[in-house]
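# Geometric and topological summary
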Amino acid sequence: MNISKDLVNFIMFSLDTLIQTAGIDIRLHGLEEVPDQPVVYVINHFTRLETVLMPYLIKKHLHKEAVSLAHESFFSGKMKDFMDNVGAVSTADPHKDKIFIHALLSDRHPVIIFPEGQIIKDKKIVEKGKYIVYNTGIRRPPHSGAARIALLTEFIREKLRTLKARNDMASIARIASRFDYSGNDLEKIIRKETYIVPVNITYYPVRARENALSRLAGKFFKNMSARLQEELEVEGPIVLGKVDIDINFGRPIAIKRYIHSKWKMKRMMADGNVYLNTVDFKKISAFRQVCVRLMYDYMNAIYGMTTVNHDHIMSYILTSYPWGSFSENDFKKRIFLAIEHLRKIALPNCHTSLYKKQFYLLTDDQHEKYESFMNEAVTNNYLRRENGVITKNKERFSVPSDFHTIRRDNIIEVLRNEIKPLRHFTRIMEWQKFIPAFFIKWNVRNTFLKLEKELFHQDYEQFYLPGESKPKNIGEPFFLKRFFSRKGIILVHGYMAAPEEIRPLADYLHQNGYNVYGVRLRGHGTAPEDLAIRNWEKWYDSASRAYIIMKNSVKTFSIAGFSMGGGIALLQAANKPGRFASVISINAPMVLRGMASKFAPAVVAWNTLLKKINIDKWKMEFIKNDPENPDINYLRNPVSGSYELEKLMKRVDHHLKNIADPALIIQASNDPVVDPCSGREIFNKIGGGNKQFFMVNANHHGILRGKEAAEVHARVLAFLSESASK
């Protein structure tokens, strides 16, 4: 086969330019597994792009020009010349076996074959435990051509070894003539071994939508078919760099062991025949059986490497619900637990987004992947979202879609089909649908209660400083439960403090009928060195996990915070409007009085510079702290923590307008730490109309303890009761 170097180089340059310009994110996994041996690549086929993309990647990364099998319809007119020049072989070519066997024996070109034989748009590849693909109105098994070519090549290679050992040069010459290689290549051929490398390509997200390519095509083709329109809408975003492409190269499959697995095949390799007519092998039962077994092995490998993503999981769970309507909260919990299980079993091929924070699914904060999926589902009339209830459109899920437009008409079914072969993972989602909602709720709550305890004990053990770290009971998060009570409150402590700081208020509210969760913000309750490495997002996440615990424990609940905890509480309410019964901020530090806070950004920048040039001498990482409650608070203040506190409060300031829940702002009149103007400023900027401001006559910061505590506690309880009655 004569591949045009100039044409291949032009295509490589064009694709390099397109990928770089469009920002197409191609992620290659397992490329190092590919052996430096003759290889048949077997690849799943979902779009037309794979036929161009895979030869490009093999050339770019493995420096080999691949030959591939293509449908005979592409070989007519000038298109035939193009296909010939890029190494494509027609399915109707009577010499295709010879071409591929020559390429593999000589190791001049790897071979690319798509075993499904066509684009599998519906991804329905498994039916009743067998691999079945759609073709011209019927379902059929995948082609075993890749297995046949690999087995024939290795059979001939083994035959050549046998003939050489017998010094039968005449038979060797006949084989060389039949498969068009030089006798001088014999030693190289018999030193090699044929492999099949399974490859899976997964796209994420798959969205059918109008794009620049579909609009451009619409201007030139006034009567586009629905099939072409669908292909442009689905595959256009991939070309335009809107989709992640994960390509997994699987473990190479050595063909030699398959050849030796049947007594009949071993006898044929040992006899005196040369078997020049490859068509005759179709009549050999043992060969056919090995072909089918090999085909199943590489199909299992291909589809076992699907890169699982959020859309897969959400589609599978959504279609698994036995009811037409269900709670959106329950849906999110089942998604979260499925992802946790996926992590637990260490599924090797997962989209990178699954390793990021998933608990935002449960906190009612923005979860980009979830909202993208749900917005697409609502827009395409798969379901409705109303008042926390999801209702499936039965017609959209029950009416069969046309094979050629299914990626546009029912992408949820396509995504479900794509991960069906991953039975060790999908089995848990199948089992999960039978678990009652109350048990799912209990499971989620206990998962996060356990997690918070574990995080504290891990941090405490890691950062414990004898003589400086406080006892564990000071820093450990706590949950004060009231059986039969359906109301609760989350309490958040302040900067450099610990849950013990808010314990008096917690006990008071618990005695008055509330379930109370005392948050431990990461970096607190351990040692200043722990706090020094935490950013404000870690503090926010601690409160978010408390939100999950309380949401799965009671019917309604509020959130309150002291000092920095007040800022955390306000930001939680701003990010989740309407989710809390009320929000309470006590001495939140919108404006700090200490000069140290003003210089924190500059000091942090100075420390960062010194770290880069490996100088520790002039760093200022901690400053002395003289707290009101030395038995609770740190005695050293990390400068980086002060800087994170400033960033947090800037964020709070920007989002106060989003607060819609009833809000109570409490401020000490002569607070020496927080400028008393802070409380009034927060109050004025809160967007909701149901808000109260209360000034406490106090000349110290820690008003949750001391003589003012009773007044503050009573005011908090009164506001909670008042908010609950409205």
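Quick caveat: nothing in here was measured; it's all calculated off a predicted structure. (Residues numbered from 1 in each chain as written. Predicted model: local features only at pLDDT ≥ 70, side-chain atom pairs only at ≥ 80, totals over all residues. Heavy atoms only, no water.)

A separate point is the sheet that holds strand β14 (residues 383–386). In spatial order, the strands read β13-β15-β14; together these three strands make up an open sheet with antiparallel pairing. Among the strands making up the open sheet, the edge pair consists of β13 (325–327) and β14. Across the sheet, the mean angle from the axis of one strand to that of its neighbour is 20 degrees, orientation sign disregarded. Here helix α16 (residues 368–379) sits on the sheet in contact with β14 and β15 (389–392), set at roughly 115 degrees to β14. (Pairing = 2+ DSSP bridges. Helix = DSSP H or I, 4+ residues; strand = E, 2+ residues; numbered from the N terminus. Axes fitted to C-alpha atoms, helices over the stretch in contact; angles between N-to-C directions. Contact = heavy atoms within 4.5 Å.)

Another point: the sheet that holds strand β24 (residues 691–696). An order of β16-β18-β17-β19-β20-β23-β24 is seen for the seven strands of this open sheet, with the pairing classed as mixed. Each edge of the open sheet is held by one strand with a lone partner, namely β16 (478–480) and β24. Neighbour-to-neighbour, the strand axes of this sheet turn through a mean angle of 15 degrees, independent of strand direction. Pairing of strand β17 (residues 487–492) with strand β18 (residues 515–518), which is carried by four bridges, proceeds in the parallel orientation. Note that in β18 the partner of Leu491 across the bridge is Gly518. Set on the sheet, helix α23 (residues 503–511) makes contact with β16, β17 and β18; between it and β16 the angle comes to about 20 degrees. Lying on the sheet, helix α30 (residues 709–725) is in contact with β17, β19 (556–562), β20 (583–586), β23 (663–668) and β24; it crosses β24 at an angle near 170 degrees.

Along the chain, Glu376 turns up in helix α16. With relative accessibility at 13%, the residue Glu376 sits in the buried group. Apart from the residues within four sequence positions on either side, Glu376 is in contact with Arg207, Ala208, Arg209 and Tyr382. (Buried < 20%, exposed > 50% of the residue type's maximum accessible area, 1.4 Å probe, protein only.)

A word on a nonpolar patch on the surface. Taken together, the side chains of Phe74, Met79 and Phe82 present a nonpolar region at the surface, about 250 Å² in accessible area. Considering the arrangement of structural elements, one finds Phe82 in helix α3 (residues 77–85). (Patch = residues over 30% accessible without salt bridge, like charges linked within 9 Å, V, L, I, M, F, W, Y side chains within 5 Å. Areas by Shrake-Rupley, 256 points an atom, 1.4 Å probe, with all protein chains shown as cover. Salt bridge = Lys/Arg side-chain N within 4 Å of Asp/Glu carboxyl O.)

This part is about the packing of helix α25 (residues 536–551) against helix α28 (residues 639–655). Two elements in contact, α25 and α28, have axes separated by 9 Å at closest approach and are oriented at 65 degrees. Within the contact between the two elements, α25 uses Trp536, Glu537 and Trp539 and α28 uses Gly641, Glu644, Leu645, Lys647, Leu648 and Arg651.

Another point: empty space enclosed by the protein. Rolled over the atoms, a probe with the dimensions of a water molecule shows which regions are left empty. For the structure on display, the rule yields seven cavities of 30 Å³ or more. When its volume is computed, the largest cavity comes out at roughly 60 Å³. Ile317, Ser320, Tyr321, Trp323, Arg334, Met429, Gln432 and Lys433 together form the lining of the largest cavity. Tallied by class, the residues present in the lining of the largest cavity amount to four nonpolar, two polar and two charged. (1 Å grid on protein atoms, 1.4 Å probe; cavity = no way out; pocket = protein on both sides within 12 Å on 5 of 7 lines; lining within 4 Å. Points joined across faces, edges and corners; volume = space filled by probe spheres on them. Nonpolar A, V, L, I, M, F, W, Y, C, P; charged D, E, K, R; others polar.)

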